[in-house]
Amino acid sequence: MPLVPMRVILEAAEKGGYGVGAFNVNNMEQAQGIMKAAVETNSPLIYQVSRGALQYSNKTILRDIILAVSAQTPELPVAVHLDHGNSPESCKEAIELGFTSVMMDGSLQADGKTPADYDYNMKATKEVVDMAHAKGVTVEGEIGQLGGIEDGHGSGEEKVTDPPDVKKLFDDTKMDACALAWGTSHGAYKSTTGKPPVLRHDIIAEVHKLAPEIFIVSHGSSSVPANLVDAVNSFGVIKKYKSEDGHRHLAGYGEDFDLDADDAKKIVDFLYESERMPKSVGVPMADLKKGIQNGVRKINVDTDGRLAVTAAILSVMQEKPSEFDPRKYLGPAREAVYEFAKNAMQGFGSVEHAGDVEIVSLEEMSKRYK
Ligand SMILES: [Zn+2]
């Protein structure tokens with residue numbers, strides 16, 4: 001089956017009252033791990049590709065990997081979505097690449113950093129809607145400002161969404177879906193208090209009531225599970241080398257120690273206490289489930305997939321230090337992505353819902369938009 005517009009996946013989710021994960025993908029192992037989870041749980045699937053991922057993979061290559069992986073399971077509905085398009089041009093490029101959904105993030109200007117005003121957002125989103133709907137492609141907008149920065153994207157300032165703004169942006173543009181700022185944030189560091197971020201469930205409920213036609217999207221929704229952060233932190237990577245004076249050195253965590261001159265206890269203490277990443281707390285699954293009850297239909301998760309890959313690779317490097325075949329650590333990374341994605345699909349409630357999705361071609365969808 002060719003890919004489906006994201007809209008039909010979200011329509012089914014709205015009818016069934018569940019959420020669908022949108023999983024960021026950068027390479028073959030992630031694409032396969034996520035697909036394995038979707039097939040095993042019989043979940044509809046949204047692959048999500050950032051501009052950074054497109055650049056990393058030379059554009060058509062990542063698209064071709066996704067198409068090749070999707071072609072192996074023709075019975076499963078799959079949408080391919082551009083995450084955080086920063087301009088109508090970047091959305092156009094994704095549509096030309098064959099994406100079935102694009103995000104025009106007009107909450108920020110084209111630099112991906114400076115907050116934009118309503119007028120800018122509306123015009124950019126409308127331009128993308130006109131272009132995308134003519135081809136049957138789904139459009140996600142954004143209003144309000146999420147905290148955090150990921151892939152260089154984000155203003156670093158948070159401004160929660162005002163529900164009437166969403167209704168207005170919908171009325172003015174006819175976008176299909178909208179990302180709301182309701183307390184989640186991009187990246188691994190969502191909270192500085194050691195407690196989960198405080199979410200504004202009232203915003204989701206209010207938007208769902210005001211504009212039920214809109215599919216609500218939650219960005220920055222990784223759970224940042226403590227077991228993955230702990231796993232990453234338990235594997236140090238230490239470099240050893242000899243300096244010109246013949247002294248033996250150990251270097252790690254930004255420090256360099258001379259084993260033949262420095263205090264041994266100081267070195268050992270430092271290496272033991274150092275952690276690769278600061279302790280962090282994400283969005284608990286219980287909060288996401290409540291958000292889904294209130295109307296969230298698409299849940300973006302990127303960070304958790306990155307953590308899963310990193311923890312798996314470090315684990316192989318540690319346990320089999322003589323291993324140097326990339327398949328021997330990328331294979332376990334692929335399995336770790338599968339495990340993480342399966343958990344997410346179970347949590348969001350999309351399991352056994354692949355069959356709900358109406359199979360519609362982009363061409364047919366373009367007629368429905370008219
Ligand atoms: Zn985002």
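Because the structure is predicted, anything quoted here is derived from the model rather than measured.

Undergrad: Whenever I open this one, the nonpolar core confuses me. Can you help?
TA: One broad trend across soluble globular proteins is that nonpolar side chains are buried collectively. Ranked by internal contacts, the top residues of the largest apolar core, which has 96 residues, are Ile9, Ile34, Tyr47, Val102, Cys178 and Leu180. Counting residues per element, this core draws most heavily on helix α13 (residues 326-348), which supplies 9 residues. Setting aside chain neighbours within four positions, we find isoleucine 9 in contact with Val4, Val20, Pro44, Ile46, Pro77, Ala79 and Val357.

Undergrad: Mind showing me how you'd approach the domain arrangement of the chain here?
TA: Buried accessible area, meaning the area lost when the parts come together, often serves as the stated size of an interface. Domain annotation of the chain identifies domain 1 (6-224 + 282-369) and domain 2 (238-273). Distance between the C-alpha centres of domain 1 and domain 2: 43 Å.

Undergrad: When you look at the sheet that holds strand β1 (residues 20-24) in this model, what are you seeing that I'm missing?
TA: As a general point, the strands of a sheet are linked pairwise by backbone hydrogen bonds and lie either parallel or antiparallel. Taken in spatial order, the 8 strands line up as β1-β2-β3-β4-β5-β6-β7-β11 and close into a barrel, and their pairing is parallel. Each strand axis lies, on average, 25° off the axis of its neighbour in the sheet, ignoring direction. Across 4 bridges, the pairing between strand β6 (residues 177-180) and strand β7 (residues 215-218) is parallel. Its bridge partner lying in β7, alanine 177 is registered against phenylalanine 215.

Undergrad: Explanation requested: helix α1 (residues 6-16) in the structure shown.
TA: An α-helical segment advances 3.6 residues per turn. Residues three or four places apart therefore align on the same side. The complete set of buried residues in α1 reads Met6, Arg7, Val8, Ile9, Leu10, Ala12 and Ala13. Positive phi appears at glycine 17, one or two residues downstream of α1, with a value of about 70°.

Undergrad: Please clarify how the pairing of strand β10 (residues 255-258) should be interpreted in this entry.
TA: Side-chain direction in a regular strand flips from residue to residue, so the side chains alternate between the two faces of the sheet. Sheet analysis places strand β9 (residues 248-252) next to β10, joined by 4 bridges and oriented antiparallel. Each bridged residue has a counterpart across the sheet, and for histidine 249 the counterpart in β10 is aspartate 258. Counted along the chain from β9 to the antiparallel partner β10, the turn is 2 residues long, and its residue tyrosine 253 has a positive phi close to 55°.

Undergrad: I would appreciate a short explanation of the sheet that holds strand β8 (residues 239-242) in the present structure.
TA: Judged by pairing direction, the sheet is antiparallel, and its 3 strands sit side by side in the order β8-β9-β10 without closing on themselves. With one partner strand each, in any of the chains shown, β8 and β10 form the two edges of the open sheet. Here the strands of the sheet are splayed against their neighbours by 25° on average, with no regard to which way each runs.

Undergrad: Can you help me understand unusual backbone geometry in this one?
TA: The general pattern is negative phi for most residues beyond glycine and trans for most peptide bonds. Located in the positive-phi region is lysine 59, a residue other than glycine, with phi close to 60°. Relative to the helices and strands, lysine 59 is located in the loop between α3 (51-56) and α4 (60-71). For lysine 59, a count of 16 C-beta atoms within 10 Å gives the class partly exposed. Positive phi outside glycine occurs at histidine 84, with the angle close to 50°. Following the sequence through the fold, histidine 84 ends up in strand β3 (residues 78-85). On the neighbour-count criterion, histidine 84 (27 C-beta atoms within 10 Å) is buried.

Undergrad: I'm lost on the packing of helix α8 (residues 201-210) against helix α11 (residues 285-294) in this one. Help?
TA: How two helices sit against one another is set out by the angle between their axes and by the gap between those axes. One way to put it is that α8 packs onto α11 with a least axis distance of 8 Å and a crossing angle of 20°. When the interaxial angle is binned, α8 and α11 end up roughly parallel. Handedness of the α8/α11 crossing: right-handed. Residues His201, Ile204, Ala205 and His208 of α8 form the contact with α11, whose participating residues are Lys290, Gly291 and Asn294.

Calculation criteria
Residues numbered from 1 in each chain as written. Predicted model: local features only at pLDDT ≥ 70, side-chain atom pairs only at ≥ 80, totals over all residues. Core = buried A, V, L, I, M, F, W, Y, C linked by C-beta atoms within 7 Å. Buried ≥ 20, exposed ≤ 12 C-beta atoms within 10 Å, placed from the backbone. Helix = DSSP H or I, 4+ residues; strand = E, 2+ residues; numbered from the N terminus. Contact = placed C-beta atoms within 7 Å. Domains from an automatic or database assignment. Pairing = 2+ DSSP bridges. Axes fitted to C-alpha atoms, helices over the stretch in contact; angles between N-to-C directions. Parallel < 35°, antiparallel > 145°, perpendicular 65-115°, else oblique. Left-handed = near helix turned anticlockwise from the far one by under 90°.

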